[in-house]
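# Residue-level structural notes
Residues per chain are reported as follows:
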Amino acid sequence: MIPTPALEIIVLVWGLILLLAEAFTPKIDKRVFAFAGIFGLAAVLLGSFFLAPGAPIASTGFWSFYTADPLAIFFKRFALVTTIFVLIMAIDYAPTIRMGVPGAEPHAGLGEFFALPIFTCAGLMWMASAIDFVMIFVSLELVTMSFYVLVTFTRRNPATLEAGVKYLILSALSTGFLVYGITWIFGVTGETNLARIGLALTTNDFDQVPLLFGLLLVLVALGFKIAAVPFQIWVPDVYQGAPTPVTAFLSVGSKAAGFVVLLRVLTPFLILPQVGKVLVAMAALTLLYGNFAALPQTNLKRLLAYSSIAHAGYLLVGVASFSGTAVAFYLVGYLLMTLLCFAVLIVVAAHGGEQIENYAGLAKRSPFLAGAMLVGMLSLAGVPFTAGFLGKFYVFDAAVQQRQTVLLVIGVITVGCGFYYYLKVVRAMFWLEPPNDSPTIRVSVLSRGAMILLIAGIFVFGVYPQPILRALEARPATSTAATR
Amino acid sequence: MLRFIVFAPLLTALLILFGSPARWTALIGSGLTALATLVAFFRYDAGAGGFQFVRSWTISESWRLHFLLGADGLTLVMLILAALVLLCAVWFTPPIEKSERLFYACLLLLASGAIGAFASLDLFFFYAFHELALIPTFLLIGIWGTGNRYAAAWKVTIYLALGSFVLLLGLLLLYRSVPVASRSFDLRVLQSLGHAGAIAPAAQNTIFLLLLIGFGVLVSLFPFHSWAPEAYASAPAPAAMLHAGVLKKFGLYGLLRIAMPLLPEGARHWSWLLLVLLSGNIIYVGLVTIAQKRLDWMLGYSSVMHMGYIFLGIASANLIGMNGAAVLMFAHGISIALLFALAGEIRRRTGTLVFSDLGGLAKIMPFAGFAFGVATFAAIGLPGFANFAAEVMVFFGAFRVGADLQGLHFFQVTTVLALWGVVISAVYMLRAYRMIFMGAPNEKWNILPDLAQTLRLPVILLIAATLTIGCFPNTALRVLRPTFAPSVAQSTR
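Everything quoted here is computed from the prediction, not taken from an experiment.

### Thoughts on the overall build of chain A
Check the secondary structure of chain A and you find 19 helices and 0 strands. By the compact-globule yardstick of 23 Å for 484 residues, chain A fits well, its C-alpha radius of gyration being 22 Å. Principal axes of the C-alpha set define a box for chain A whose edges measure 70 × 55 × 40 Å. Counting every position in chain A, which comprises 484 residues, the buried fraction comes to 59%. Summarising the internal contacts of chain A: among those between residues at least 6 apart in sequence, 82% fall at separations of at least 24.

### Points about the overall build of chain B
Along its length, chain B carries 21 helices and 2 strands. Whereas a compact globule of 493 residues would reach a radius of gyration of roughly 23 Å, chain B reaches 21 Å, a difference of no more than 12%. Along the longest, intermediate and shortest principal axes, the C-alpha atoms of chain B span 70 × 60 × 40 Å. When the 493 residues of chain B are sorted by exposure, 61% land in the buried category. In chain B, the share of contacts with a sequence separation of at least 24, taken over all contacts with a separation of at least 6, comes to 80%.

### Section: unusual backbone geometry
Looking along the chain, the bond that leaves Val229 of chain A and enters Pro230 of chain A is cis, with omega of 5°. Among the secondary structure elements, Pro230 of chain A is positioned in the loop between α8 (208-226) and α9 (235-241). The residue after Phe222 of chain B, namely Pro223 of chain B, is reached through a cis peptide bond having omega 0°. By secondary structure assignment, the location of Pro223 of chain B is in the loop between α9 (201-219) and α10 (227-234). One non-glycine residue, Ala227 of chain A, adopts positive backbone phi at about 60°. With phi around 55°, Arg403 of chain A is a residue other than glycine that occupies positive phi space.

### Looking at the interface of chain A and chain B
Counting residues at the interface gives 23 residues for chain A, matched by 24 residues for chain B. Counting residues per element, the ones that place at least two in the side of chain A that touches chain B are α16 (387-401), α17 (405-430) and α19 (466-472) of chain A. Here the side of chain A that touches chain B takes 9 residues from α17 of chain A, the largest share from any one element. A class-by-class count of the residues in the side of chain A that touches chain B yields 18 nonpolar, 3 polar and 2 charged.

### What about the nonpolar core?
Counting 402 residues, the largest nonpolar core has Leu340 of chain A together with Ala82 of chain B as its most contacted members. If sequence neighbours within four positions are ignored, Leu340 of chain A has contacts with Ala372, Val375, Gly376, Met451, Leu454, Ile455 and Ile458 of chain A.

### Brief notes about the packing of α8 of chain A against helix α10 (residues 244-266) of chain A
Residues and elements named next belong to chain A. Close contact between α8 and α10 brings their axes to 8 Å; oriented N to C, the two are set at 155°. With respect to α10, the element α8 is oriented roughly antiparallel. Note that α8 runs across α10; the crossing there is left-handed. Listed contacts from α10 to Val218, Leu222, Lys225 and Ile226 of α8 are Ser254, Lys255, Gly258, Phe259, Val261, Leu262 and Val265.

### Some remarks on the pairing of strand β1 (residues 52-60) of chain B
Residues and elements named next belong to chain B. When β1 meets strand β2 (residues 65-71), the two strands line up antiparallel, connected through 6 bridges. If you follow Gln52 over to β2, its bridge partner there is Ala71. Where β1 folds back onto β2 in an antiparallel hairpin, the turn is made up of 4 residues, including Arg64, whose phi is positive at roughly 55°.

### Overview of the packing of helix α1 (residues 5-24) of chain A against helix α2 (residues 31-47) of chain A
Residues and elements named next belong to chain A. Orientation of α1 relative to α2, taken along the N-to-C sense of each, is 170°, at an axis distance of 10 Å. Judged on the interaxial angle alone, α2 and α1 are roughly antiparallel. For the pair formed by α1 and α2, the contact residues are Leu7, Ile10, Val11, Trp14, Leu18 and Glu22 on the first element and Phe33, Ala36, Gly37, Gly40, Leu41, Val44 and Gly47 on the second. When the residues that make up the contact of α1 with α2 are grouped by side-chain class, the tally is 9 nonpolar, 3 polar and 1 charged.

### Observations regarding the environment of Tyr93 of chain A
Residue and element names in this part refer to chain A. Within the secondary structure, Tyr93 is located in helix α3 (residues 70-100). With 169 residues separating them in the primary sequence, Tyr93 and Leu262 have C-alpha atoms 32 Å apart. Excluding residues that lie within four positions of it along the chain, Tyr93 makes contacts with Pro243, Thr244, Pro245 and Ile346.

### As for the environment of Gln453 of chain B
If you trace the backbone, Gln453 of chain B turns up in helix α20 (residues 453-471). Gln453 of chain B sits 246 residues away from Ile207 of chain B along the chain, and the two C-alpha atoms are 51 Å apart.

### Concerning α9 of chain B
For α9 of chain B, built from 19 residues, the straight-helix expectation of 27 Å at 1.5 Å per residue is met to within 8% by its first-to-last C-alpha distance of 26 Å. Downstream of α9 of chain B by one or two residues, Ser220 of chain B has phi in the positive range, about 60°.

### With respect to helix α15 (residues 319-350) of chain B
Between its terminal C-alpha atoms α15 of chain B stretches 46 Å, which fits the 46 Å expected from 32 residues at 1.5 Å a residue. One or two steps after α15 of chain B, the chain reaches Gly351 of chain B, where phi turns positive at roughly 80°.

### Things to note about the confidence of the model for chain A
Residues and elements named next belong to chain A. Of all residues in chain A, 96% attain a pLDDT of 70 or more, and the chain-wide mean is 87. Ranking the elements of chain A by mean pLDDT puts α19 last with 83 and helix α12 (residues 300-320) first with 92. In the predicted structure, residues 475-484 sits below a pLDDT of 50 and forms 25 contacts with residues beyond four places in sequence or in another chain.

### Quick look at the confidence of the model for chain B
Across chain B, the average pLDDT comes to 87, with 98% of residues at 70 or higher. The complex prediction reports pTM at 0.90, with the ipTM value standing at 0.88.

### What to know about the environment of Ile469 of chain B
Residue and element names in this part refer to chain B. Checked against the element boundaries, Ile469 lands in helix α20. Along the sequence, Ile469 and Phe372 sit 97 residues apart, while their C-alpha atoms lie 19 Å from each other. Every residue in contact with Ile469, bar those within four places of it in the chain, is listed here: Val327, Phe330, Ala331, Ala386, Ala389, Thr475 and Ala476.

What counts, and where the lines are drawn
- Residues numbered from 1 in each chain as written.
- Chains lettered and ligands numbered in written order.
- Predicted model: local features only at pLDDT ≥ 70, side-chain atom pairs only at ≥ 80, totals over all residues.
- Helix = DSSP H or I, 4+ residues; strand = E, 2+ residues; numbered from the N terminus.
- Rg over C-alpha atoms; globule rule 2.2 N^0.38 Å.
- Buried ≥ 20, exposed ≤ 12 C-beta atoms within 10 Å, placed from the backbone.
- Contact = placed C-beta atoms within 7 Å.
- Nonpolar A, V, L, I, M, F, W, Y, C, P; charged D, E, K, R; others polar.
- Core = buried A, V, L, I, M, F, W, Y, C linked by C-beta atoms within 7 Å.
- Axes fitted to C-alpha atoms, helices over the stretch in contact; angles between N-to-C directions.
- Parallel < 35°, antiparallel > 145°, perpendicular 65-115°, else oblique.
- Left-handed = near helix turned anticlockwise from the far one by under 90°.
- Pairing = 2+ DSSP bridges.
- Expected span 1.5 Å × (residues − 1).
- pLDDT = per-residue confidence, 0-100.

Here is the structure:
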């Protein structure tokens, strides 16, 4: 039996070991460190199934800012799985990184690129457990700091530098909003612990205006993390400019952790009626913007950036309908299908480019990759028997239950948009003829295995959701209101 | 039994994708499926009625979601239609030059979507199977279509995706509208709740409207029909056969299976709307059909028009009308599949389907001319064909509604209009036959070969099916009657 907090500590120590080992072994093939990282994280993932039961939420001490409830453990595993797949992608992406990093050694810089995601992973895992604003802030910063480096990693590429600067400035700004919001909430309630804030809100009679102001500032910061409109401006450029594995990490790991924190933070504030309205407005705008802006895109990476905004919209529908389980389930589907698409993108981009037109005739050039991309796109669009559909089904069901008519109407329209822009990729792969000089595409065994795993996951969870639902059951009392 | 029927086309598609010889595997797979549906049809115990061959696998305890297969008379009739048309569509597939495997796999997936939807007793899988068929349609039209195929593929896919998400909302509302203790996706549970009046009338109105629009889009109910002619004109013939003949019936099946029995109040409330829209199908689309100058577009529009009769039968909500609607679904599926198959063969030979370019083909291709003639008569609804038996039932059923009110009721007006629609369909069908097969033959068609010997068998199969039901409608009614009797008894109470 392993105590839950040990998971993060093991991950962190493993990351430090790799980083140090990397510094003292300049000559070896640095991809060893990626395999070592994958191995370590997989071991931790395995360990997460043999956890000692966590202590109940205490009023002081360690267990007052760290929780080991099912939601937390679920998202710890989520972060681990994401990071493992990102590292697998990074191995395939290594040649591109080498071109983008100045340095005399053939493997200069690669080691850090494989080690840093492990620190991000530790941060994401802490975020999943954070139930105190201080803890939330610190773990969020750990994630953001490592992303600053990762986003700008291929620094010879001007687009990457631009992306890095945009991410740095806007992210720092949003952090400022977060801290400022926390201070306002602390000023009104005198607490940073979410459970005690909730308790204080129900028992005492506060002035609502400063409280709402503080919450609004916190929502701005979290809206930035999950790419919700109107805080999504950075997303297309950063996603397009960053190294592709990092883009995948940003769009899955960072977003998922943002949603966990959002669910936890909102729990005590749901007794305020204004909060629901803000969420509905945010969800509606995000759905409309993400889907409509994705329609004319011709670059697949940018398309996926807009699609990630669109999916943030569906997730926000789940949040606005107070269904944490729906959000969690949707995120699982989102993880599988987004990582699958990015994995294919990396392989195809190495043999052509990131434009949709580079996918012309992929069905002939590489039936396996075309099939994988087809599954990914169909799942993103929401075709039944995929995890993506079941996620939408669950979210829509929650919205029907809460009678969110506006969101449902918008949701149906935007699903129609989604079919258009996702099928644009399918169209290129299957309808169009490949260009004559197109090279054959080889997929490494590791990537092929990872893609098959992801495809299997998409279909299994698209037909049989029960394992995930069971993992999310048995809610502790504190988060019942938000995650009903 | 049902497991085999549902999974055989799916497995066949997978086998083909993984390298089994495409045409033969598809033929054997669909042939076995068709045989299995016939066996199920004769093993169904009509005396006992209800759902038989029920199989259930639990998917999710917390949602009370099961993968639930079962069949009653209506299901069996639809399954036979689906399997028969699939077999003929595969048979009629000409040699495919590019990605032959993918073509057959798409065809089989399209059919398995329809078959799975018909055989599912669970709302979730009922819905999911149908939407599964959307993507093969997109690929079939986009890769192997003719004419303005890209636009057609986009239009049909997005139209149907939107329609099905409206439908999904309706189904979710339905799921949420019953008391928590008995909440379920199981159709049987919902049916017994519907009969017990557990769904509030106000809720019924909203849900019925959503279902009507959702299913309506899928069946090309006027004014949501504009995707259909374009898609059928562009689709390769086997795909058009399956889509127009089978898949489109899903929406009607849903209305008969879910909307009418579960939401009788909602159906009564919106019957005026349904009547207005279906008159649009029959009269407006009928006139549009007359104006067509190409056979493929004409057939596409005619299939939209004939949906109006089926809607009329459904709207009547009595035993004879609903039985008529069910038989008409079968009859129309057979006749339109045959027409699209022959149209595809003509297009393959001449490269055109414009009426003014063709003519006199009956002399050059006597068998095709004979088959097309039979299909034309069937589509018009001449006695002896299944369409006649079905339309008569629909008209009787619809005319009887409100007859006790002594006067011209809304239903009777619509029925009269619909009867005039038969004249319209006679006009365009016979005109098409005359312009293509009669008259002076065009010089350049003189060397065209007639229908290949091997292709005559599926033609005869389809004609035999429509004649059997046409002359002995009781074969179908034997199993259909116990399906509708309980729900009709309920709504007339």
